[in-house]
Structure formats: C-alpha cells, structure tokens
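Breakdown of the fold
One-letter residues, chain by chain:
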Amino acid sequence: KYSISSSKINSIQHNPIDSHIVITTTSGKDSQIYLHDTRKISNKLKYYNQLDSHKKSINASYFTPDGLNIVSVSQDNTIKVWSDYNTSNNNFTSINHDNHTGRWLSTFRPTFDSKQSNVFIVGSMNQPRKIDIFTINRDNNKVNQVNSLQSNSLNP
C-alpha cells in the first residue's frame, strides 16, 4: 500500500504518453494538483511538482490525450489549462466558467475529444444550461471557447 495524500483525492490519472507520471487532485483546504513519478516510489508516493493556482476545491484535473496539457475544473468558477506542468513555472491559462453544481448534481470535469486532443467539453451552470466546447491553441497556449450546446438540444 502507498500513501498519496491525507486529503480526499478527487481525481487520479496517469499521463497517456509518459505512463510513469501520475496526476492527483485533492480537495478541501489542500486543493492542489500534484504530479508524481512512479519510478520513485517508496512507502509514500511523493510529488515532484505542485500546481497551486485554484482558490477553492478542485473537481478534477486530467491530462489531454496527447499528454501535453493538464485541464483542471474548480469550484472557484475557473477552468485552468496548464501548458508547462513539469517545471516550477506553473504556466497556465485561466477561463471564468460557472462550475457550481450544488449538492445534488455531479461536479463538472473536462472530457476530451478522442480524435482531437486539444478539444475538450465541460458542462456549465449558466442559464440556459449548456455544454461548452473549448480548444487549446498549441502555438500560443491560449484557450478558446468555440461553441456551446444547450441542454434541450441534447434531448431525443
């Protein structure tokens, strides 16, 4: 058994390209994103980098399918896209986004397009309810909202 954190872990994922790199996301007072290298396991899985820009609990953080970026969604009403996560620079782009689902709905998390690794969707609590589609521009690491689907357009 290995110990990762004393806080609740909201998400965990290995990098799809560098499978020895694992990302964990914690909630509560800690609310951090940690990067771990599984090649350096002892009795505790220590992190080698910490991404700490969110102000409230982080719902989830995941690698893009090509492993180049990390996308995180938080209760501070932001989505952050991290481009240089292996260094101490902590370069990210922040997008204001209504993520407060309340206590009766599941929290939002990014879901990626299987054919275009720079495209992801996230639900939104803005009225009318919708799903927002974003792209990551790899040339300048900017994130653009390209479209939204209203929830009534998803019903059969």
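If you're wondering where the values come from, they're calculated on a predicted model, not measured in any experiment. (Residues numbered from 1 in each chain as written. Predicted model: local features only at pLDDT ≥ 70, side-chain atom pairs only at ≥ 80, totals over all residues. Heavy atoms only, no water.)

**Here we look at the environment of Asn 59**
Along the chain, the position of Asn 59 falls in strand β5 (residues 58-63). Note: C-alpha distance between Asn 59 and Arg 109 (50 residues apart in sequence) is 6.5 Å. The contacts of Asn 59, once residues within four sequence positions are left out, are Asn 10, Val 73, Ser 74, Gln 75, Asn 99, Thr 107 and Phe 108. Polar contacts involving the side chain of Asn 59 include one to the side chain of Gln 75, which spans 3.0 Å. Here the side chain of Asn 59 touches Phe 108 through a polar contact of 3.4 Å, landing on its backbone oxygen. (Helix = DSSP H or I, 4+ residues; strand = E, 2+ residues; numbered from the N terminus. Contact = heavy atoms within 4.5 Å. Polar contact = N/O pair within 3.5 Å; in protein donor to acceptor, adjacent residues only side chain to side chain.)

**Re unusual backbone geometry**
Of note, the phi angle at Asn 77 is positive, near 65 degrees, even though the residue is not glycine. Looking at the element boundaries, Asn 77 is found in the loop between β6 (70-74) and β7 (78-82).

**Some points on the sheet that holds strand β3 (residues 33-37)**
With antiparallel pairing, the four strands of this open sheet are ordered in space as β1-β2-β3-β4. In the strand order of this sheet, the two ends are held by β1 (9-14) and β4 (47-51), each with one partner. Taken over all neighbouring pairs, the strand axes of this sheet differ in orientation by 20 degrees on average, direction set aside. For strand β2 (residues 21-26) and β3, the ladder comprises five bridges, and the chain directions are antiparallel. By the bridge assignment, Thr 24 is partnered in β3 with Tyr 34. (Pairing = 2+ DSSP bridges. Axes fitted to C-alpha atoms, helices over the stretch in contact; angles between N-to-C directions.)

**Let's talk about the nonpolar core**
Core analysis: the biggest nonpolar cluster contains 15 residues, and Val 71, Ile 79, Phe 120, Val 122, Phe 134 and Val 143 have the highest contact counts within it. Taken together, the elements giving at least two residues each to this core come down to β5, β6, β7, β10 (119-124) and β11 (130-137). In this structure, Phe 120 is in contact with Val 71, Ile 79, Val 81, Pro 110, Thr 111, Phe 112, Asp 132, Ile 133, Phe 134, Ile 136 and Val 143, ignoring residues within four places of it in sequence. Residues Ile 21, Ile 23, Ile 70 and Trp 82 belong to the second largest nonpolar core, which totals 10 residues. (Core = buried A, V, L, I, M, F, W, Y, C linked by side-chain atoms within 4.5 Å. Buried < 20%, exposed > 50% of the residue type's maximum accessible area, 1.4 Å probe, protein only.)

**Brief notes about the side chain of Asn 15**
Residue position: Asn 15 is located in the loop between β1 and β2. Among the polar contacts made by the side chain of Asn 15, one reaches the main-chain amide nitrogen of Ile 17 at a distance of 2.8 Å. In this view, Asn 15 contacts Ile 21, Phe 63, Gly 67 and Tyr 85; residues no more than four positions away in its chain are not counted.

**Regarding the sheet that holds β6**
Taken in spatial order, the four strands make up an open sheet running β5-β6-β7-β8, and their pairing is antiparallel. Looking at the sheet topology across the chains shown, the edges are occupied by β5 and β8 (92-96). Ignoring which end each strand starts from, the neighbouring axes of this sheet average 15 degrees apart. One ladder, built from five bridges, connects β7 with β8; its direction is antiparallel. Among the inter-strand pairings, Trp 82 is bridged to a residue of β8, identified as Phe 92.

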